[in-house]
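Spelled out from the first residue to the last, the chains are:
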Amino acid sequence: MRIVVLDLYVDGAWIPSVTTDLIEVLNPATGERIAQVPAGAAADVDRAVEAAARAREGWAATDPGERAKLVSRLADELERRQDELTDLVVAEVGTPRRTARWAQVGLGILDLREAAAAAADFPWEEPLRNSVIVREPVGVVGAITPWNYPLHQITAKIGAAFAAGCTVVVKASEVAPLTANLLAEAVHAVGVPAGVFNLVHGHGWTVGEALAAHPDVDMVSFTGSNAVGKRIIELSAGTVKRVSLELGGKSAAVLLADLTDEEFAKAVPHTVRACYMNGGQSCNAQTRMLVPRERLGAAEELAKRAAESYTLGDPTADGTRLGPMVTEAQRDKVLGYVRTGLSEGARLVTGSTEAWDGPGYFVAPTVLSDVSPEATVAQEEIFGPVLSIIPFDTEDEAVAIANGTIFGIAGAVWSTDAAHAEAVARRIRATQIEINGGGFNGAAPFGGFKQSGHGREGGAFGLEEFVEIKSMQFRPAS
Ligand code: NAD
């Protein structure tokens, strides 16, 4: 791959950063440099925010139907570029190609389609007694995104923000910034007006901080770690910005005692898949599997078989199901967690505490069992292919364990009786709960209870984040 130095996209044009300092972008499967991204500066953010502020009024005044059409056209354009986008995600994140095509790029396209569809039915304006209630764009949005789904994390924000009539400055992850530039090309190609979409690159502590604190930014929409999420709240407090946060998770799959052996044998590998998706680098990964104590042995056997069926290696190869961790630091962090798990009493069912011998940042698919609900690996987000099996004795205990972390983003419940599973799902304090393996719904709300964040993304719920609600009171005609 040709090594490129990325530019910024500001006010409808490609411009260099004011700084010549660069950040290396590495291919995690090989450790090789594939691109360089500007280290960025507050002055870059100023230029982008100025452009977004200039474009704000004109864009807010466009008809919502026109904005939705543009969002749909952007989805079409990404579909046209799906192969190219997939190659970039594989190169910068290490997601196996087949998964990257639908789960990374396909999801990005779906975000835009759902936002456009939601805008068509959205109550932009409605009467209420002697008032008219209108939903208006929040204004200039700073969107700060992580590396794990580098396209989807941006499209989940801009689809809804564009449809709502907001202008946006995106600060993409410096770890995986390549798809963001291709997205900006697509935005340009479909004719999004200058200043409505701007892209800056750089480190979080310079560019991210400048964006989150900027006085002319009305809202920050952030996806990333809890530590940085807390910092975003502090930074935005100075100008009382609206803040939406999509943070970490420690989701539990609860396999209830009434499952038949056959159902249990389906639920376990399903959970392994839901844990290992994108190398376990997903905020909604089902990283804790809660099983009746008498079925612990069966769960271990099934999980071991499922985990060991994963081919680890080159993400461009057809048969690969597990790629590398995104960086060396991420790999070392994951391996450190596995060691901590073992030192706190868990048993290694399969996997390894050692880095694989060779280039790239790989971690073997790992299953820990007999994990205490209070253990570090059961409480903290690992962001790697590490499943913790936790036994329970009663259903109440299972619910308490599922709810017993600071997070609440997702989860799963399995029962032979869907109504029983639903009753348990209603007791779980998390946003997206799969019942008996129910599939993903792009129009359903995504986000977090508790410290997994504030606000929701997806369909109409995502749109609501980007509007202000206003009322105008009319005097009855006399
Ligand atoms: P991160 O928090 O380190 O970085 C996210 C973004 O914030 C990056 O663009 C980074 O440059 C920027 N940033 C870093 N420091 C900053 C600062 N001081 N001020 C402003 N911006 C700053 O997260 P990451 O390592 O890129 O991503 C992994 C994390 O993201 C995981 O914790 C994961 O759970 C979370 N995540 C959550 C969701 C969700 O929807 N809830 C989705 C994906 C990832």
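If you're wondering where the values come from, they're calculated on a predicted model, not measured in any experiment.

> Which residues make up the nonpolar core, and what values do they have?
Membership of the largest hydrophobic core comes to 67 residues, with the highest contact counts inside it found for Ile158, Phe162 and Phe197. With eight residues, the top contributor of residues to this core is helix H4 (residues 97–120). Leu335, Ala398, Val413 and Val424 belong to the second-largest nonpolar core, a separate cluster that totals 31 residues.

> Pulling in residues and values, what's your account of the pattern of salt bridges?
Per the counting criterion, the structure on display carries 27 salt bridges. The salt bridge involving Lys470 is made with Glu136; its shortest N-O contact spans 2.9 Å. Of the two residues, Lys470 sits in strand E23 (residues 467–473) while Glu136 sits in strand E7 (residues 131–137), which places them 334 residues apart along the sequence. With a relative accessible area of 38%, Lys470 lands in the partly exposed category. The partly exposed category is assigned to Glu136, whose relative accessible area is 31%. One salt bridge connects Arg347 with Glu300, and the closest N-O pair in it is separated by 2.6 Å. In this pair, Arg347 is assigned in strand E15 (residues 347–350) and Glu300 in helix H10 (residues 296–308), connecting sequence segments 47 residues apart. Each member of the salt-bridge network shares a partner with another, and the members are Glu77, Arg80, Arg81 and Glu185.

> Before we move on, can you summarise the site of the ligand with the specific residues and values?
Lining the immediate surroundings of the ligand are 29 residues, of which Thr145, Glu174, Ser225, Leu247 and Glu381 lie closest. Here an oxygen atom of the ligand and a side-chain polar atom of Lys171 are 3.0 Å apart. Interatomic distance of 2.6 Å between a side-chain N/O atom of Glu381 and an oxygen atom of the ligand. Relative to its free-state accessible area of 850 Å², the ligand is covered by the protein chains to the extent of 88%. Given that more than half its atoms are within 2 Å of the pocket grid, the ligand belongs to the second largest pocket.

> Before we move on, could you go through empty space enclosed by the protein and cite the residues and values that matter?
In this structure the tally under the stated criterion is two cavities of 30 Å³ or more. Roughly 90 Å³ of internal volume is contained in the largest cavity. Residues belonging to the lining of the largest cavity are distributed by class as follows: seven nonpolar, five polar and four charged. Size it by volume and the second largest cavity reaches roughly 50 Å³. The wall of the second largest cavity is formed by Gly249, Lys250, Gly280, Ser282, Cys283, Ala285, Thr287, Glu380, Glu381, Ile382 and Phe383. Partitioning the lining of the second largest cavity into residue classes produces four nonpolar, four polar and three charged.

> How would you explain the UniProt feature "domain: Aldehyde dehydrogenase" (unreviewed entry) in the chain if you had to name every residue and give the values?
In the UniProt entry, the feature "domain: Aldehyde dehydrogenase" (unreviewed entry) is given for residues 14–471. Helix makes up 42% of residues 14–471 and strand 21%. Its end C-alpha atoms lie 40 Å apart.

> Give a detailed account of the packing of helix H2 (residues 64–80) against helix H6 (residues 178–189), specifying residues and quantitative values.
Relative orientation of the contacting elements H2 and H6 amounts to 130 degrees, with a least axis distance of 9 Å. By the angle between their directions, the pair H2 and H6 is classed as oblique. The two elements H2 and H6 cross, and the hand of that crossing is right-handed. On H6, the residues that touch Leu74, Glu77 and Leu78 of H2 are Leu183, Ala186, Val187 and Ala189. Of the residues that constitute the contact of H2 with H6, the class distribution is six nonpolar, no polar and one charged.

> Which residues make up the sheet that holds strand E14 (residues 286–292), and what are the values?
In space, the seven strands of this open sheet follow the order E15-E16-E17-E14-E13-E18-E19, with mixed pairing throughout. Strands with a single pairing partner mark the edges of an open sheet, and in this sheet they are E15 and strand E19 (432–435). Pairs of neighbouring strands in the sheet enclose a mean axial angle of 25 degrees, with direction left out of account. Where strand E13 (residues 251–255) lies against E14, four bridges are found, and the strand directions are parallel. In the sheet register, Ala252 faces E14, and the bridge partner there is Arg288. Together, strand E18 (410–414) and E19 form the strand contacts of helix H14 (residues 418–425), whose direction differs from that of E19 by roughly 160 degrees.

Scoring rules and cut-offs
- Residues numbered from 1 in each chain as written.
- Predicted model: local features only at pLDDT ≥ 70, side-chain atom pairs only at ≥ 80, totals over all residues.
- Heavy atoms only, no water.
- Core = buried A, V, L, I, M, F, W, Y, C linked by side-chain atoms within 4.5 Å.
- Buried < 20%, exposed > 50% of the residue type's maximum accessible area, 1.4 Å probe, protein only.
- Helix = DSSP H or I, 4+ residues; strand = E, 2+ residues; numbered from the N terminus.
- Salt bridge = Lys/Arg side-chain N within 4 Å of Asp/Glu carboxyl O.
- Near = heavy atom within 4 Å.
- Polar contact = N/O pair within 3.5 Å; in protein donor to acceptor, adjacent residues only side chain to side chain.
- Areas by Shrake-Rupley, 256 points an atom, 1.4 Å probe, with all protein chains shown as cover.
- 1 Å grid on protein atoms, 1.4 Å probe; cavity = no way out; pocket = protein on both sides within 12 Å on 5 of 7 lines; lining within 4 Å.
- Sits in = over half its atoms within 2 Å of the grid points.
- Points joined across faces, edges and corners; volume = space filled by probe spheres on them.
- Nonpolar A, V, L, I, M, F, W, Y, C, P; charged D, E, K, R; others polar.
- UniProt positions renumbered as here; feature names shortened; annotations may be inferred.
- Axes fitted to C-alpha atoms, helices over the stretch in contact; angles between N-to-C directions.
- Parallel < 35°, antiparallel > 145°, perpendicular 65-115°, else oblique.
- Left-handed = near helix turned anticlockwise from the far one by under 90°.
- Contact = heavy atoms within 4.5 Å.
- Pairing = 2+ DSSP bridges.

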